[in-house]
Amino acid sequence: MIKRSGSRQKKRRLGLRFLLFLCLAAALLIGLELLLSPLISAVAAQHSQELALNAMTEAILAHSAAGQESNYRDLVQIETDAQGRVTLLLTDTQRLNRLVNAVSLEAAQKLQTLSRQQLQLPLGSVMGSILFSGYGPPVPFRFTALGTPESRLREQFVSAGVNQTRHSIYLELSCVILIVAPFSRQKISVSTDMMLAEGIIVGYVPDTYLSLQPTK
């Protein structure tokens, strides 16, 4: 009887120790989550945003001359009267639509390629440590673009001197990405814009101007 009672007490103590261990482990995990969650969330969002911006910028550069005068002449037709005064600006919307569609497709493909990759950050960098930056076990994360990047054209007229106006055409790209990392899951919006073409108009800008239409 004494042996059985001692055995039960021993099992009871082991059970209490195991339960205490589980509680401590759970408390440690909760503490780590509370400590690391905002850090991982912020760093993963920053790196994901940089990667998405680079992908969209590369797509624009791959299909445009990025503001060169020669590209402007291909996109905008300037008509003048007998005295050489500008009477009409006519934008080649079909060419612009083809350009924008090509850029959007290229950006979507680049973002999709990144979405299939398992990205990693060193824990030392996540913790913001200067001494251990770039070191430590890898913290995995990934992001996915939700839908095709949206595109929008905009233009700008700015005085460029006496009787001169600089006409610039910009392409804006934006997308929403879902970032998944340990203890973190968030959506952020990423957008960028870049000049497609730019030209100098000598004389006043005519009232008759066929402006850009939103491109889907």
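Fair warning: this is a prediction, and the values are worked out from it, not measured in the lab.

(A) Representation of the overall build of the protein chain. Along the protein chain, the regular secondary structure elements total four helices and eight strands. In sequence order, the secondary structure elements of the protein chain are arranged as α-α-β-β-α-β-α-β-β-β-β-β. Here the protein chain holds 216 residues, and 33% of them are scored as buried. For the protein chain, the share of sequence-separated contacts (at least 6 apart) that also reach a separation of at least 24 residues comes to 67%. Accessible surface, the protein chain: about 13500 Å² in total, of which carbon and sulfur atoms supply 57%.

(B) Here's a closer look at the side chain of S104. Along the chain, the position of S104 falls in helix α3 (residues 93–115). Accessibility expressed as a relative area gives 9% for S104, which makes it buried.

(C) Just the pattern of salt bridges, in detail. Applying the stated rule across the entire model yields seven salt bridges. The shortest N-O distance in the salt bridge between R166 and E198 comes to 3.6 Å. Of the two residues, R166 is situated in strand β6 (residues 164–181) and E198 in strand β7 (residues 184–202); the sequence distance between them amounts to 32 residues. Assessed through its relative accessible area of 31%, R166 is described here as partly exposed. Looking at E198, the relative accessible area reads 21%, which means it is partly exposed. Bridged by salt links that share partners, the residues R152, R154, E172 and D193 form one connected network.

(D) View of the packing of aromatic side chains. Evaluated as defined, the whole model comprises zero aromatic pairs. Seen from the ring of Y170, R154 lies directly overhead, with NZ or CZ sitting 4.3 Å from the centre.

(E) Representation of α3. For α3, with 23 residues, the first-to-last C-alpha span of 32 Å sits near the 33 Å given by 1.5 Å per residue. For α3, the complete set of buried residues consists of L96, L99, V100, V103, S104, A107, L111, L114 and S115.

(F) Representation of the pairing of strand β3 (residues 119–122) within the structure. Side chains L119 and L121 of β3 all project onto a buried face; the interleaved residues Q120 and P122 project onto a face where none is buried. As paired strands, β3 and strand β4 (residues 138–145) are joined by four bridges and run antiparallel to one another. The partner of L121 across the bridge, within β4, is V139.

(G) Structural detail: the side chain of H167. Along the polypeptide, H167 turns up in strand β6. Taking the relative accessible area as the measure of exposure, H167 reaches 0% and is therefore buried. Within polar-contact distance, the side chain of H167 engages the side chain of E155 at 3.3 Å.

(H) Spatial organisation of the environment of P137. As for its position among the elements, P137 is in the loop between α4 (123–126) and β4. Taking the relative accessible area as the measure of exposure, P137 reaches 52% and is therefore exposed. For the pair formed by P137 and L121, sequence separation is 16 residues and the distance between their alpha carbons is 8.3 Å.

(I) Representation of the pairing of β6 in the model. Where β4 meets β6, four bridges bridge the pair, whose relative direction is antiparallel. The residue of β6 that forms the bridge with A145 is I177. In this structure, strand β5 (residues 150–161) lies alongside β6, joined through 11 bridges in antiparallel fashion. Counted as the bridge partner of S159 is T165 from β6. Hairpin connection between β5 and β6: a loop of two residues separates the two successive antiparallel strands, and N163 in this loop has a positive phi of roughly 60°. Alignment of β6 against β7, held across 18 bridges, turns out to be antiparallel. When the sheet's bridge partners are listed, L173 is paired in β7 with T192. Counting the residues that bridge the hairpin from β6 to β7 gives two residues, and of these F183 lies at a positive phi of roughly 65°.

Rules and cut-offs
- Residues numbered from 1 in each chain as written.
- Predicted model: local features only at pLDDT ≥ 70, side-chain atom pairs only at ≥ 80, totals over all residues.
- Heavy atoms only, no water.
- Helix = DSSP H or I, 4+ residues; strand = E, 2+ residues; numbered from the N terminus.
- Buried < 20%, exposed > 50% of the residue type's maximum accessible area, 1.4 Å probe, protein only.
- Contact = heavy atoms within 4.5 Å.
- Areas by Shrake-Rupley, 256 points an atom, 1.4 Å probe, with all protein chains shown as cover.
- Salt bridge = Lys/Arg side-chain N within 4 Å of Asp/Glu carboxyl O.
- Phe/Tyr/Trp six-rings, centres within 6.5 Å; stacked < 30°, edge-to-face > 60°.
- Lys NZ or Arg CZ within 6 Å of the ring centre and 35° of its normal.
- Expected span 1.5 Å × (residues − 1).
- Pairing = 2+ DSSP bridges.
- Polar contact = N/O pair within 3.5 Å; in protein donor to acceptor, adjacent residues only side chain to side chain.

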